[in-house]
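Spelled out from the first residue to the last, the chains are:
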Amino acid sequence: MAKQSFYEVVFLGKPKVVRAFMKGFVMGTLDDATVIYSFSSGIHHEGKAEKMAEMVGIRGTDCHIVVDSKTSALLKKRSKRITRETGLEITSHRHIRSASLDFKFQAFAPRYNQEIVALVKNLPAGLRMEGFKHNVKLDPKAKGIEAYSVAHHYEACGEATVVGSIDLLVELKKKFADFPLIQSEDIVLKLA
């Protein structure tokens, strides 16, 4: 199976309007489109300066989305018509070379550590882990009720970066959200 390509497309316009437009665009033209909204999927899409500029009105509101290559080509082909008929303007259209997701975890019971390690060690094809650091500490003096203790009998922690296809990283970030002991950062895109 060939590796699927993805593109980041930036619309000048309110996210709510872009979402409604894309829903209609996909329904009217493509059955199998992939559309991922950066603001709701944990994809880093702008820094604090850009957010502040939007809030004070120095810069227009924009919406970053990730789309598959077929959807990308169609948006690019119809960009002038989209602007003319909807008022939405595509301001950026860039190929995503790769994406990465940093995470860390801390567990105070062997069972939770094993669940987390199994999750991150069994990544789907298209994702790979880099820089995995894992440390387990045992403190026999701290044995007992640990719920609110300063010292714990068992402590495991780890961190790494997962690199690969953006669609798979978005799914992994959702899985991480189901584990309260895993903290993940925003997904970072490497654009061409």
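So, here is what we can say about the structure in this document. (Residues numbered from 1 in each chain as written. Predicted model: local features only at pLDDT ≥ 70, side-chain atom pairs only at ≥ 80, totals over all residues. Heavy atoms only, no water.)

Quick notes on the overall build of the protein
From N to C terminus, the protein includes 7 helices and 8 strands. Across the 192 residues in the protein, those meeting the buried criterion constitute 37%. Here the contacts in the protein between residues at least 6 apart in sequence split such that 76% fall between residues at least 24 apart. As presented, the protein carries roughly 11700 Å² of accessible surface, and 54% of it is formed by carbon and sulfur atoms. (Helix = DSSP H or I, 4+ residues; strand = E, 2+ residues; numbered from the N terminus. Buried < 20%, exposed > 50% of the residue type's maximum accessible area, 1.4 Å probe, protein only. Contact = heavy atoms within 4.5 Å. Areas by Shrake-Rupley, 256 points an atom, 1.4 Å probe, with all protein chains shown as cover.)

Focus: the pairing of strand 6 (residues 154-164)
Pairing geometry for strand 4 (residues 89-107) and strand 6, over 9 bridges, is antiparallel. Considered in strand 6, the bridge of Ala99 is made with Gly164. Bridge count between strand 5 (residues 127-138) and strand 6: 10 bridges; the pairing is antiparallel. In the strand pairing of strand 6, Leu127 is matched with Gly164. (Pairing = 2+ DSSP bridges.)

Here we look at the pattern of salt bridges
Applying the stated criterion to the full structure yields 5 salt bridges. Among the salt bridges present, the one from Glu85 reaches Arg81, with a minimum N-O distance of 3.0 Å. Pair noted here: Glu85 and Arg81 are both in helix 5 (residues 79-86), with a separation of 4 residues, about one helical turn. Accessibility expressed as a relative area gives 53% for Glu85, which makes it exposed. Residue Arg81 is classed as partly exposed on the basis of its relative accessible area, which comes to 44%. For Arg111, the salt bridge is made with Glu115, and the minimal N-O distance between the two is 3.5 Å. Taken as a pair, Arg111 and Glu115 lie in helix 6 (residues 110-121) at a separation of 4 residues, close to a single helical turn. (Salt bridge = Lys/Arg side-chain N within 4 Å of Asp/Glu carboxyl O.)

Some remarks on the packing of aromatic side chains
Enumeration according to the criterion identifies 4 aromatic pairs in this entry. For the pair Phe11 and Phe21, a centre-to-centre distance of 6.0 Å together with 65 degrees between the ring planes defines the contact as edge-to-face. Here Phe21 lies in helix 1 (residues 15-29) and Phe11 lies in strand 1 (residues 6-12), a separation of 10 residues in the sequence. Across the pair, Phe21 and Phe11 agree in class, each one buried. Their ring planes at 50 degrees and their centres at 5.0 Å tell us that Phe103 and Phe176 sit as a pair that is tilted. With a gap of 73 residues between them, Phe103 in strand 4 and Phe176 in helix 7 (residues 166-177) connect regions that are remote in the sequence. Grouping residues by exposure puts Phe103 and Phe176 together as buried. Pairwise contacts between aromatic rings join Phe11, Phe21 and Phe25 into one cluster. Stacked on the ring of Tyr37, the Lys or Arg Arg19 has its end atom at 4.5 Å from the ring centre. (Phe/Tyr/Trp six-rings, centres within 6.5 Å; stacked < 30°, edge-to-face > 60°. Lys NZ or Arg CZ within 6 Å of the ring centre and 35° of its normal.)

Shape descriptors only; they carry no functional weight alone.
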